[in-house]
Amino acid sequence: MSVLPLLAAAAFALADPAGDAHGDGSYVLPTHPTVNADALDLREFGAQDAGDKMRFTVGFGAVSNPWHLSSGYSDGVTDIFVKTGLGGSYDLTGLNLRTAGAGGWEYHLRVSGAGAQLEQFVENGTAPAALPTPQVTRQGTTLVIDSAIPAGQYGYWVTSSVYTPLSADGLLQPTTQAGPGNLQAARAGAPVPVDVLAPASDYSAYQTHELAPAGQSRDLRVWSLGALGGAGLLLTLLATWQLRRTGRFH
């Protein structure tokens, strides 16, 4: 899970190594239907400005379609949680994971072969607000996702989970019980994703249930407060200089 940042002015890419789509190492993928581990294996994540909106690319090791969906792929569910700054939701929806560090997510994209959705966190405690449906295209083993998220510099939590049409949210929950249709894990209540974007050999998310963000974010509120403080200091210095100049300050 080594993360190699390649930062540019308006885009960056994060690489994730092959062969780690097995949770903490104990997860056993379903065999009915047979799920391709490579098709769940995150290989890269990219974010860039596309006009005034954000475009995301998520690369996998393979593409397969065990559920025979018209989209041509149905192994996994990709979740992208977007950190804009301070505040937001700390619960990574449906994944039995929380955000680590300061701040939570404001935008959440969920993409599977059955469709895509985008929601925005609402601070007053009501349910997240639905935003326009993301446009998803597949280029080989890479998903290209055009969203309604404003262009900017953000942090991200990115996960890959097993898809099932038999649950309301499309996520196959892990269980300690063996079975051809089960996602088996060693412990009850294990995190849902089989792969997360994280540093190499870092399985801490599966032990603490907290996932650290990748990328960077700017909180405009912090910048605004800093600007106001700087302006206040400048006005104070100018006033002091004026008083000294007129001889009314000793």
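Draft legend 1. Local environment of the nonpolar core. Of all hydrophobic cores here, the largest spans 26 residues; its most connected members are Tyr27, Leu40, Leu92, Leu95, Val162, Leu183 and Val194. Among the elements of the structure, strand S5 (76-83), strand S13 (155-162) and helix H2 (204-208) are those that each provide at least two residues to this core. Apart from residues lying up to four places away in sequence, leucine 92 is in contact with Phe81, Leu97, Arg98, Thr99, Trp105, Trp157 and Leu211. Judged by nonpolar contacts, the second largest core, of 25 residues, contains Phe45, Phe60, Ala116 and Leu197.

Draft legend 2. Expanded view of unusual backbone geometry. For the bond from histidine 32 to proline 33, the omega torsion is -5 degrees, close enough to zero to count as cis. Following the sequence through the fold, proline 33 ends up in the loop between strand S2 (11-15) and helix H1 (37-40). Even without being glycine, histidine 68 reaches a positive phi, approximately 55 degrees. Structurally, histidine 68 is set in the loop between strand S4 (53-60) and S5. Residue classification places histidine 68 among the exposed residues on the basis of a relative accessible area of 69%.

Rules of the game
Throughout, a residue's number is its position along its own chain's written sequence, starting from 1. For a predicted model such as this one, the threshold for reporting local features is a pLDDT of at least 70, and the threshold for listing and counting side-chain atom pairs is 80 or more; totals across whole chains, interfaces and linings nevertheless cover every residue. The basis for every side-chain value is the complete set of non-hydrogen atoms in the structure, without hydrogens or water. To form a nonpolar core, buried Ala, Val, Leu, Ile, Met, Phe, Trp, Tyr and Cys residues must be joined to one another through side-chain atoms within 4.5 Å. Residue exposure (1.4 Å probe, protein chains only): buried if accessible area is under 20% of the type maximum, exposed if over 50%, otherwise partly exposed. A run of H or I in DSSP becomes a helix once it reaches four residues, and a run of E becomes a strand once it reaches two; helices and strands are each numbered from the N terminus. The contact criterion used is simple: two residues touch if any of their non-hydrogen atoms lie within 4.5 Å.

These values are about where atoms sit, not about what they do.
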